[in-house]
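Topology and contacts: notes
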Amino acid sequence: MSDTLILTKRWPKNDPSLAGYKADGGYRSLEKALGMPPAAIVDEVKASNLRGRGGAGFSTGLKWTFLPKDVRPRYLCINADESEPGTFKDRYICEYDPHMLVEGIAITCFALDIHLAYIYIRGEFAKQARALETCIEEAYAAGLIGPKLGGKADFKLDVHVVRGAGAYICGEESALMESVEGKKGYPRFKPPFPAIVGLWGKPTIINNVETLANIPWILENGGAAFAALGAGKTGGTRLFGVSGNVKRPGVYEKPAGYNLKKLIMEDCGGTVSGRPVKAVIPGGSSSPVLRGDEIDVSLEPDAIKSAGTMSGSGGVIVMDDSVCMVRALARIAMFYAEESCGQCTPCRQGTPWMWKILEKIERGEGTMKDLALIEQLPGNIMGQTICALGDAAAMPVQSFVKKFRNEFVEHIEGHGCKHGETAWGVSRGSREALVGGNRQPVR
Amino acid sequence: MAHHDESSADSGPQAIADLPRDKVARFDAALPEILKRYPPDHQEAAMLAALRRAQEIFGWLSPGAQKLVADRLGAPVTRAEEVATFYVMYHTRPVGRHVVEVCTNVSCSLGGGYDLFEDLKKKLGVDNGETTKDGRITLRQVECLGSCGTAPVILVDEEMHESLTPQSVERILGALL
Ligand SMILES: Cc1cc2nc3c(=O)[nH]c(=O)nc-3n(C[C@H](O)[C@H](O)[C@H](O)COP(=O)(O)O)c2cc1C
Ligand code: SF4
Ligand code: FES
């Protein structure tokens, strides 16, 4: 397997400024792109097998072809909402190499005849928003974007940063557009899809930060080379953010088909406590959980599907055998209950209901009837809602209860959590002591 | 999301005229910079950014501040209210001089985030969403902050602090006046 680094090659200490980026060969891909017919750029991206890194894994090239031929203006929205629990990769692109993203945006806009792009970044990322603002100011000042894209083409491009204000749902693409329009983040009914009817009713492409940061490399090295780095129908490398009970948490750039067990046991050094891995959430909190004995799988989206889960946003959460599964699931259920926008009844009512029942079981007040209910509720939500948050809330509940049913039964029969004060595991707060405080955010 | 606090929006400025003049002037001066990011026919899109700026200037989004933002964007007041109450980073009740927000989602709690939040509640003598009696700190529990690899994580006045230990939290909070 190749060790090629695309996204992290300049992390974390290299100069993120325009001068630093250019010294390392930056903006050459934009120059190359400006000499190509736009359709040829789209073809290159199609050939690269680049798939969306925001969670759904949709083919980027294919998405781009959905734009209706003759409707203008068209818009680009870049999704930097990064709110799926366990996910923490896009922030580092914004901090450590923002020009790579801006170059990707510039190429994308040229390829798709788009003249206005909004980077929507979650409100809590103040430092990252500042880094992007600085980067965009530099790009304007250097004439890379603005009235003349790349300094020569007769092509205007404006790029702006829009900050969210605290709402997970605004990562969902249609809610994101509502938020860019200055409204509360209520997801829209689909179809029509954003490529047809998007921002201000116009055709809009929405892509994740990591997705677009790959574009300069694809232009420079060719779609085929990118495809060859990956596996199956997924090209390139991916950023995996590993958190929880591992010795070396952080962001790892690995080929798209990398093995999950290897990532956890070798790259991250296994659990911080040395205890066995009990559970792994492989792709953000909405992906179905895996038991410790099920993690010997490829992270490639189609491959991991056969293990009944998804690598979604690349957020891997590891729990050792001292963590209470009821505690963990109840916290996940709380998240979805708090973040439901309330538009659809099954989601608005179902998510707090699941949370309340799980807390009741964790407290030792649950009954077998509650367990039956918690097994039934996810099915009543899935597929019944406007947006995928409903499914996202249902999948963890379904999978935790299925895979760790004995723990739920134990809580009910034993009238409480045997872990007591240590429901969050023995390693909590002790990582400093175990690894000497030597933590790096990035590998 | 609920703010459990005794202090209420009723006690704040109710109308634009109740807002301090100098602060209104500062808001008006900041507005063009915000508006220029949006197409001329879509200036209402500036709602989120304008509310953020208003909150920075007035401290919280009182009914008067919400009315000011709506007025300047030519939007109905209900639009400003709707947005101000939808997003958790907007304060529609008065808050302390500092806002401390602790992530208690899974990755953070596996690294001590839940324990940290419980300790702070005890230490500050407040519950979730409440402000200390001296008006110094409002404490809140928040969702995943997108920094799970450096758990536990808190926000202090919207700036992130990562890889925390009980000692570093003590230091950070101690510096808040
Ligand atoms: C509830 C919900 C939350 C989402 N949050 C994010 C997010 O924070 N960041 C992101 O890039 N995509 C998020 N998505 C996925 C987006 O809807 C969309 O698929 C993605 O931005 C498309 O870009 P991509 O094809 O490049 O991945 C979310 C989806 C849902 C249903
Ligand atoms: S599924 Fe939930 S979050 Fe999505 S639109 Fe419906 S109520 Fe809102
Ligand atoms: S769980 Fe706390 S930052 Fe993600």
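Up top is the structure.
Residues numbered from 1 in each chain as written. Chains lettered and ligands numbered in written order. Predicted model: local features only at pLDDT ≥ 70, side-chain atom pairs only at ≥ 80, totals over all residues. Heavy atoms only, no water.

1. Quick look at the overall build of chain A
The secondary structure content of chain A amounts to 19 helices and nine strands. In terms of overall dimensions, chain A is globule-like: its C-alpha atoms have a radius of gyration of 22 Å, near the 22 Å expected for 443 residues. Dimensions along the principal axes, computed over C-alpha positions, put chain A at roughly 75 × 45 × 35 Å. When the 443 residues of chain A are sorted by exposure, 65% land in the buried category. Long-range pairs, those at least 24 residues apart, make up 72% of the contacts in chain A with a sequence separation of at least 6. Split by element, the accessible area of chain A, about 15,500 Å² in all, is 53% carbon and sulfur. In chain A, 53 side chains carry a positive charge and 50 a negative one; their mean positions are 1 Å apart. (Helix = DSSP H or I, 4+ residues; strand = E, 2+ residues; numbered from the N terminus. Rg over C-alpha atoms; globule rule 2.2 N^0.38 Å. Buried < 20%, exposed > 50% of the residue type's maximum accessible area, 1.4 Å probe, protein only. Contact = heavy atoms within 4.5 Å. Areas by Shrake-Rupley, 256 points an atom, 1.4 Å probe, with all protein chains shown as cover. Lys, Arg positive; Asp, Glu negative; His and termini not counted. Charge placed at Lys NZ, Arg CZ, Asp CG, Glu CD.)

2. Section: the environment of Val-272 of chain A
Residue and element names in this part refer to chain A. Structurally, the position occupied by Val-272 is in the loop between α12 (260–267) and β7 (277–281). Accessibility expressed as a relative area gives 6% for Val-272, which makes it buried. Each C-alpha atom of the pair Val-272 and Arg-248 lies 8.0 Å from the other, and the pair is 24 residues apart in sequence.

3. Re the site of ligand 1
All names here are of chain A. Neighbouring ligand 1 are 18 residues, the closest being Gly-54, Asn-79, Asn-207, Asn-208 and Thr-211. Interatomic distance of 2.9 Å between a side-chain N/O atom of Asn-79 and an oxygen atom of ligand 1. Interatomic distance of 2.8 Å between a side-chain N/O atom of Thr-211 and an oxygen atom of ligand 1. When ligand 1 sits alone it has 620 Å² of accessible area, and the protein chains cover 90% of it. Element by element, the count of residues in the shell around ligand 1 is highest for strand β4 (residues 204–208), at three residues. (Near = heavy atom within 4 Å. Polar contact = N/O pair within 3.5 Å; in protein donor to acceptor, adjacent residues only side chain to side chain.)

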